[in-house]
Amino acid sequence: MSNDELSSSGAIATEATTSTTTTSTIPPQPPNVRMPEMAFAVVGRQVSEAVVVTDPNGDDVVIRAFGDDVPGFRPVTNVRGTIIGFEWEPTEAGEWQVEMTATDSGGLVGNATVELIAHHEPSVDMLLAMGDSIAAGFGRDRSDFVGADDCFRSEADAYSTLAFDQLIEAGSLGSQSELLIVACSAAGSSDLATLATSATDRQGNVIGDSMSQLERATLLNPTVVTLTIGASDVGLFDLEEFLLPDAGGNPVAAVDAVELDRRISTVRANLGNTFDVLMATTSAHVVITTAFNPVASTPIGVEGCRGDCMVAASNRIVDELNTMLLEVAAGQREGRVSVARLDGVADVFEAPNGLGVDALRDGLGPFQGLVDTFTGGATALCADDGGVDAPLISALDCAHPNTDGQRAIAEVVADVLLSI
């Protein structure tokens, strides 16, 4: 006889009893439960696996199945009501666990757990570019600030596009592979799971319906995911609003340490959730970039923290962000996540002197609103002199990579992927 029902929590609660007349003189031993440790299924397709339960002493055994409320999961029993396997036809991507326990008449228990993994089936090899304004290619030219695209993308010049081309040329991705960009200039770390955005190809054509970046990753199950996130969360693009006033040139006093810690903690939690979803619902290899510091060597800075003070303050912010990014990446599943280092010796990014007249950018004159339209108000990072001769940072906002900067990021990302 068998009794199959759902528990009050919605989890599986299935049991069946099997009887035997075999006797034994061996010491009491628990039943043995054998089944696969892992079962993988494509959403919408059924898989079947066997569950074999034996008792060394030939005792009657009660078999139960319990665990997560798994969509599309059903224990299979024989004519005597004994569980002999399970069928699973998942309706959504994700990961779950189900435990089979066998209890004999003496109360001894044996068990085994199966991890169930469901992914959507990808139609083609794909690189999906996720993240913020840097990943979107924002900042290359004036059109990024006034364009019709809500995410202000420059698809053709985004580092994901340039890296994708290198992977195709190297044969790492097939010629029929596809590139899709969902990164958005409006996105912070929390928005990866909540902000509905369009997806575009390298020509800027909109593909599919609007949904969050994580939802699209789950649906498409891409081959590769590139991810850049965190700089906007910690205020790197608007340090004027983040640093404390009246620091007296002291970079330690200039940084609001409490607020920085709060922001870093928030990004850590959001990024952890992002990786949880990517690891559970896709088979993609994820490449996350660390943050670079775009500040000029002689920056304009902010009131109370200019020049060297601004350099030191921004370095502290970037360093703490990168320490957290590396820790989160290191905590993911082995072989699934790589880091493209844009910090340390790889940080070749330095803001030039900003576009326009410094006096207008630095002041609050009648043209400030117009200037801010094209600079985003992010002027503190700009050079207070001529700046570098061949900058990789846009002169429009002194924060985002220009085309050469995007190309430099692409080189690092492609090298990481080609080394796998």
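Reading guide: rules and limits
Residues numbered from 1 in each chain as written. Predicted model: local features only at pLDDT ≥ 70, side-chain atom pairs only at ≥ 80, totals over all residues. Heavy atoms only, no water. Pairing = 2+ DSSP bridges. Helix = DSSP H or I, 4+ residues; strand = E, 2+ residues; numbered from the N terminus. Axes fitted to C-alpha atoms, helices over the stretch in contact; angles between N-to-C directions. Parallel < 35°, antiparallel > 145°, perpendicular 65-115°, else oblique. Left-handed = near helix turned anticlockwise from the far one by under 90°. Contact = heavy atoms within 4.5 Å. Nonpolar A, V, L, I, M, F, W, Y, C, P; charged D, E, K, R; others polar. Buried < 20%, exposed > 50% of the residue type's maximum accessible area, 1.4 Å probe, protein only.

**Some remarks on the sheet that holds strand β8 (residues 73–77)**
Spatially, the three strands line up as an open sheet ordered β5-β9-β8, and their pairing is antiparallel. A strand with exactly one partner marks an edge of an open sheet, and here the two such strands are β5 (47–50) and β8. Taken over all neighbouring pairs, the strand axes of this sheet differ in orientation by 25° on average, direction set aside. Sheet analysis places β5 next to strand β9 (residues 83–88), joined by four bridges and oriented antiparallel. In the strand pairing of β9, Glu49 is matched with Phe86.

**Observations regarding the packing of helix α5 (residues 213–220) against helix α8 (residues 257–281)**
Where α5 meets α8, the closest approach of the two axes is 9 Å, and the angle between their N-to-C directions is 15°. Taken together, the axis directions place α5 and α8 in an arrangement best described as roughly parallel. Crossing of α5 against α8: the hand is right-handed. Residues Leu214, Ala217 and Thr218 of α5 form the contact with α8, whose own contacting residues are Asn273, Thr274, Val277, Leu278 and Thr281. In the contact of α5 with α8, the residues fall into four nonpolar, four polar and no charged.

**Concerning unusual backbone geometry**
Phi at Asp246 is positive, roughly 60°, even though this residue is not glycine. We classify Asp246 as exposed; its relative accessible area is 71%. Unusually for a residue other than glycine, Cys398 sits at a positive phi of about 60°. Position of Cys398 relative to the elements: it lies in the loop between α11 (368–375) and α12 (403–418).

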